[in-house]
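Chain and residue survey
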Amino acid sequence: MDEKRQEEQEQLNAFIDGELDVEARAAVTARAARDPAYARELATLSQLKAATVDAVPVPDLSLPPVPGRRRRGVAMAIAASLVLFVAAGAGWTVFKEQSTVAGAFVLDYAAEIHRAWIPQAPGATPNATAHPVSAILHPSIPDLSANGLDLRYVGANETRIAKDTLVLGYLGSRGCRLTMLVNRAERTPAVKIVNIEAGRILASYWQAGPLRYTLLAEGMAQARFRLIANIVHRASLERLPFDKDARTALAQSRASSPPCRA
Amino acid sequence: MARIEPYLGRLYRYAFSLCRDEDAARDLVQQCAVKALSARSVPKDEVAYRSWLFVILRNTLFDDARRRKSAEAMHEAVSERENRSSMELLSGDERLINTLSVKQAMAKLGENDRDIIGLIDLAGLSYAEAAGVLDVPVGTVMSRVSRARNRLIALLEPSNVTPISARRQIR
């Protein structure tokens, strides 16, 4: 099928799906009025769509019972453990076992958000200005494009522990997906970055001024993730954009890393 | 009413397009609902929330398939007519387009074709929403929809419609 014919087909399908603008709809309607074969094709596609919808009747569906959620008290106790652990000067720490309380907490809620966000279409620029936390991010939302990761999602999710968490979703062209969560948190002394590894999940978190940062990726090469985390960590503490050395390091890391494992 | 309730029907239709089995589709919707209802955080925006539900359902199905090492074909159905336009296919003989024939034909489509028709026709998502769920450009959604419907129409040609046995009763 030639390209022109393919475009014509796509336009017909978009017409019956209600995806054309007013002008394009008028053009299709006008052509259908003077071209019987075109009108027949339009009618057939319309009939097909209607029959497809009717081909799957919906049975009676009821909501399933929901497993009990953790009580607020338990979650707060875990959060308290997290703060105490970090303030005790744990510094650079790697949790190898998911059963560790603080690590399990971060992995639990952060991993869920990481898997849930849906990227905007390529080329669209997510709007971060509306979120109150983004206004105080220093110096701005981290730009990871040097590492082949484009910002493709900006949203706000309410978590049990941190209300109004800013969610930044980054997507690479080779299957890599990285999530950054930023939320206001109790002001504590600036703490060193805490790193977590559990199976395919890599996570890092730290406090920088009034903000808590959590970074998470799945299936990414560890060295690449650690580099990204260290650079973002330093930039958040120094309140400066990435310098040239940082951008070079990000680019080199991406070039030398394998694609993320699915 | 739980926030997910208005979407259960659409989720079921989409699940059916992927599973081709009523019980499996029902189970899939139930699993999706459990995950959505027990999630600690959900998108605030309604459009984002709707898309999020379909991503959960889709991921649940593919995770299940990977775990079971499903042998179901993942590639497109091959049709010697796939390069012909629907206009060529439709000229001349009448096509048998009704719910039964379409249901039969859908079952023969490849998974990718059923996926896109499921999202647009059965789930009622817009092209932009489907693009978000599939993580592809809107233009890709447009071409996939067009090609999938072409293949569906090709399967509806009289020679491809499976006649119902005389012994079966139509309810």
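What this report covers is the structure whose coordinates are included nearby. Everything numeric here is computed off the predicted structure, so don't read it as measured data.

About the cut-offs
Residues numbered from 1 in each chain as written. Chains lettered and ligands numbered in written order. Predicted model: local features only at pLDDT ≥ 70, side-chain atom pairs only at ≥ 80, totals over all residues. Heavy atoms only, no water. Buried < 20%, exposed > 50% of the residue type's maximum accessible area, 1.4 Å probe, protein only. Helix = DSSP H or I, 4+ residues; strand = E, 2+ residues; numbered from the N terminus. Disulfide = S-S within 2.5 Å. Axes fitted to C-alpha atoms, helices over the stretch in contact; angles between N-to-C directions. Parallel < 35°, antiparallel > 145°, perpendicular 65-115°, else oblique. Contact = heavy atoms within 4.5 Å. Nonpolar A, V, L, I, M, F, W, Y, C, P; charged D, E, K, R; others polar. Phe/Tyr/Trp six-rings, centres within 6.5 Å; stacked < 30°, edge-to-face > 60°. Lys NZ or Arg CZ within 6 Å of the ring centre and 35° of its normal. Pairing = 2+ DSSP bridges.

Further remarks concern unusual backbone geometry. Most of the time, phi is negative for any residue but glycine, and the peptide bond is trans. All names here are of chain B. Located in the positive-phi region is Arg20, a residue other than glycine, with phi close to 60°. The class of Arg20 is partly exposed, set by a relative accessible area of 34%. Phi angles above zero are rare outside glycine, and Asp135 is one such case at about 60°. With respect to the helices and strands, Asp135 occurs in the loop between helix H7 (127-134) and helix H8 (138-155). Classification of Asp135 by relative accessible area gives partly exposed; the value is 34%.

On to the state of the cysteines. Residue and element names in this part refer to chain A. Counted by the stated rule, this structure contains 1 disulfide over all chains. There is a disulfide in this structure between Cys176 and Cys260, and the S-S distance comes to 1.8 Å. Because the torsion about its S-S bond is 100°, the bridge between Cys176 and Cys260 counts as right-handed. With a gap of 84 residues between them, Cys176 in the loop between strand S3 (165-172) and strand S4 (177-184) and Cys260 in the segment after helix H7 (244-256) connect regions that are remote in the sequence. On the basis of relative accessibility, which here comes to 11%, the residue Cys260 falls in the buried class.

In this section: the packing of helix H1 (residues 3-16) of chain A against H8(B). Following both chains from N to C, one finds H1(A) and H8(B) inclined at 90°, their axes separated by 9 Å at the closest point. On the basis of their axis angle, the class for H1(A) and H8(B) is roughly perpendicular. On the side of H1(A), the interface is formed by A:Gln6, A:Gln9, A:Glu10, A:Asn13, A:Ala14 and A:Ile16, while H8(B) contributes B:Met142, B:Ser143, B:Val145, B:Ser146, B:Arg147, B:Arg149 and B:Asn150. Looking at the contact of H1(A) with H8(B) residue by residue, the class counts come to 4 nonpolar, 6 polar and 3 charged.

Aromatic ring pairs are defined here through the distance separating the ring centres and the angle between the ring planes. Taken as a whole, this structure holds 6 aromatic pairs over all chains when the rule is applied. For the ring pair B:Tyr49 and B:Trp52, a centre distance of 5.6 Å and an interplane angle of 40° mean the geometry is tilted. Of this pair, B:Tyr49 and B:Trp52 both sit in helix H3 (residues 46-68), separated by 3 residues, roughly a single helical turn. Exposure remark for B:Tyr49: the relative accessible area of 4% places this residue in the buried category. Taken together through their ring pairs, the aromatic side chains of B:Tyr7, B:Tyr49 and B:Trp52 make up a single cluster. The ring of A:Phe15 has A:Arg25 sitting right over it, with the charged end atom 4.2 Å from the ring centre. The side chain of A:Arg177 reaches across the aromatic face of A:Trp117, ending 3.8 Å from its centre.

Before going further, it helps to spend a moment on the pairing of strand S6 (residues 201-208) of chain A. A regular strand carries its side chains on alternate faces of the sheet. Residues and elements named next belong to chain A. In terms of residue burial, S6 counts as a mostly covered element, since 8 of its 8 residues are buried. Of the two faces of S6, the one carrying Ile201, Ala203, Tyr205 and Gln207 and the one carrying Leu202, Ser204, Trp206 and Ala208 are both buried. Following strand S5 (residues 194-198), the chain reverses through 2 residues before pairing antiparallel with S6; Gly199 in that reversal takes a positive phi of roughly 65°. The pairing of S6 with strand S7 (residues 211-218) spans 8 bridges and is antiparallel. When the sheet's bridge partners are listed, Ser204 is paired in S7 with Leu215. The antiparallel hairpin formed by S6 and S7 contains 2 residues in its connecting segment, where Gly209 sits at a positive phi of about 60°.

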